[in-house]
Amino acid sequence: MFIKRLVLILLFILAPIAALASSDAAHPVSPEQALQMLSEGNLRFALGQPAHPNTSFSRRLLTTTDGQAPFATVIACSDSRVPVEILFDQGVGDLFVIKVAGNVADTDEIGSAEYGVDHLGTPVLMVLGHTYCGAVTAVTTGAEVHGSIPKLVDNIVPAVEKAKHEHPGAEQAELINAAIEANVWQAVDDIMTKSHAIAERAAAGKVVVVGAIYDILTGKVRIIERAGAATAAAHAAPAAHAAPEAHAEAAATEKETPAHGDKAPAEKHAEPAKAEKKAEPAKAEEHAAPAAAKDAAHEEKAAAHAEEGSSGGGFGFFSFIIFVLLLIGAVFILDKKVLNPEDK
Ligand SMILES: [Zn+2]
């Protein structure tokens, strides 16, 4: 009787410890790692060598019992030629995707982005435009739109006006491409000015906000840089530069490496006009921030992610319940067969 109780007490002390230990194993993906995963996945897709990761039953089971922990939030166009998980060669539970015609960021899209970035803690927020975007083309060419579409595309109008202003006399195709890029930055600006939660996380280096263009023909995603973007602010989020070597593979095929996106959006968007004026040479961005700052940012991110992993309630809780039920079963069997075999 005494041994049985001792076993019971020990098991119930060990169960929560085991559950806690398992929740610590939740993967804290850094912004650099997340960008690297996107870059590598896109490379596999573009080369026609997709790995189709995380599509098995076990993945579905894991993300059901433990909850979702996507590593990137992506706002992309609804265009059927822009299948986000496929073009990044990702699977179930990997990406938090917001699809809307013209990849605009209005209230619902910003709210969804906040869910991905602030609630789920994705270390990357990407606004993904694409070549041959019908929505941007319609606004650029002044096509007539009906129903609810005017209210949708009004978010694109400022981007088109900006492109026309910056490219006077440009041919239509060139103008559309410029508008597609400007429209990506328009969405980024809309998010950063209207979402304090995302702006704060960006300023703290907990999320890297990047703009990108997907080429529907080549299948490649290109991280874009804002022309004349201020670079002093980039130092506020040094983590984006922390692992340049990690992009070697992608850099071989792409001129711009993913980590060189919109490094410090919060600063830029706080004073966009001022930022534009600074217009330092792009290479100024190469000034690496002090190693200590990088480490601090890394630690902070890791801690934040670990914190979210547990507060998200995903990992741990169901595992814990299953573990306890199994233990109770084991104790029962032990009790019947081993400790008191004569009780029948
Ligand atoms: Zn589109």
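Cut-offs applied
- Residues numbered from 1 in each chain as written.
- Predicted model: local features only at pLDDT ≥ 70, side-chain atom pairs only at ≥ 80, totals over all residues.
- Heavy atoms only, no water.
- Buried < 20%, exposed > 50% of the residue type's maximum accessible area, 1.4 Å probe, protein only.
- Helix = DSSP H or I, 4+ residues; strand = E, 2+ residues; numbered from the N terminus.
- Pairing = 2+ DSSP bridges.
- Donors = N, O, S within 2.8 Å, 3.2 Å for Na, K, Ca; no water.
- Axes fitted to C-alpha atoms, helices over the stretch in contact; angles between N-to-C directions.
- Contact = heavy atoms within 4.5 Å.
- Salt bridge = Lys/Arg side-chain N within 4 Å of Asp/Glu carboxyl O.
- Expected span 1.5 Å × (residues − 1).
- Arc of directions from axis to C-beta.
- Phe/Tyr/Trp six-rings, centres within 6.5 Å; stacked < 30°, edge-to-face > 60°.

Thoughts on the pairing of strand E4 (residues 208-214)
Reasoning step 1: E4 sits mainly inside the fold: seven of its seven residues count as buried.
Reasoning step 2: Of the two faces of E4, both are covered, the one formed by Val208, Val210, Ala212 and Tyr214 as well as the one formed by Val209, Gly211 and Ile213.
Reasoning step 3: Pairing of strand E3 (residues 124-130) with E4 involves seven bridges; the strand directions are parallel. Note on E4: the bridge partner recorded for glycine 129 is isoleucine 213.

What to know about unusual backbone geometry
Reasoning step 1: Positioned with a positive phi, aspartate 89 is a non-glycine residue whose angle comes to about 50 degrees.
Reasoning step 2: The class of aspartate 89 is buried, set by a relative accessible area of 2%.
Reasoning step 3: The residue asparagine 103 is not glycine, and still its phi comes out positive at about 35 degrees.
Reasoning step 4: By the element assignment, asparagine 103 lies in the loop between strand E2 (95-99) and helix H5 (107-119).
Reasoning step 5: Under the relative-accessibility criterion, asparagine 103 is labelled buried at 1%.

Observations concerning the coordination of the zinc ion
Reasoning step 1: Note on the zinc ion: its protein donors are Cys77 (SG), His130 (NE2) and Cys133 (SG). The metal-donor distances range over 2.0 to 2.3 Å.
Reasoning step 2: When the donor residues of the zinc ion are listed from N- to C-terminus, their spacing reads C-x52-H-x2-C. Taken as a pair, cysteine 77 in the loop between strand E1 (72-76) and helix H4 (84-87) and histidine 130 in strand E3 lie far apart in primary sequence, 53 residues in all. You'll find cysteine 77 and histidine 130 in the same group, each marked buried.

Focus: the sheet that holds E2
Reasoning step 1: The strand order across the open sheet built from five strands is E2-E1-E3-E4-E5, with neighbouring strands paired in mixed fashion. Each end of this open sheet is capped by a strand with a single partner; those strands are E2 and strand E5 (221-224). Averaged over all adjacent pairs, the angle separating strand axes in this sheet is 25 degrees, with direction ignored.
Reasoning step 2: Across the face of the sheet, helix H9 (residues 172-194) comes into contact with E1, E3, E4 and E5 while running at roughly 155 degrees to E4.

Regarding the pattern of salt bridges
Reasoning step 1: Scanning all chains against the criterion turns up seven salt bridges.
Reasoning step 2: Here aspartate 79 makes a salt bridge to arginine 81, at a shortest N to O gap of 2.7 Å.
Reasoning step 3: With a relative accessible area of 40%, arginine 81 lands in the partly exposed category.
Reasoning step 4: Between arginine 226 and aspartate 189 there is a salt bridge, and its shortest N-O distance comes to 3.0 Å. With a gap of 37 residues between them, arginine 226 in the loop between E5 and helix H11 (248-253) and aspartate 189 in helix H9 connect regions that are remote in the sequence.
Reasoning step 5: Under the relative-accessibility criterion, arginine 226 is labelled buried at 15%.

Some thoughts on H5
One turn of an α-helix holds 3.6 residues; hence residues three or four places apart share an orientation.
Reasoning step 1: Here H5 contains 13 residues, and its C-alpha end-to-end distance of 17 Å stays within 8% of the 18 Å for a straight helix at 1.5 Å per residue.
Reasoning step 2: For H5, the full list of buried residues reads Glu109, Ile110, Ala113, Gly116 and Val117. Axial view of H5: buried residues confined to an arc of 120 degrees, hence all on one face. What points out from H5, more than 90 degrees from its buried face, is the exposed set Thr107 and Asp108.

Thoughts on the packing of aromatic side chains
Aromatic rings in a pair are described by how distant their centres are and how their planes are angled relative to each other.
Reasoning step 1: Tallying each qualifying case throughout the model produces one aromatic pair.
Reasoning step 2: Here phenylalanine 96 and tyrosine 115 contribute two aromatic rings whose centre-to-centre distance is 5.6 Å and whose plane-to-plane angle is 25 degrees, an arrangement assigned as stacked. Residue phenylalanine 96 is found in strand E2, and its partner tyrosine 115 is found in helix H5; the two are separated by 19 residues along the sequence.
Reasoning step 3: Take phenylalanine 96: its relative accessible area is 15%, and that puts it in the buried class.

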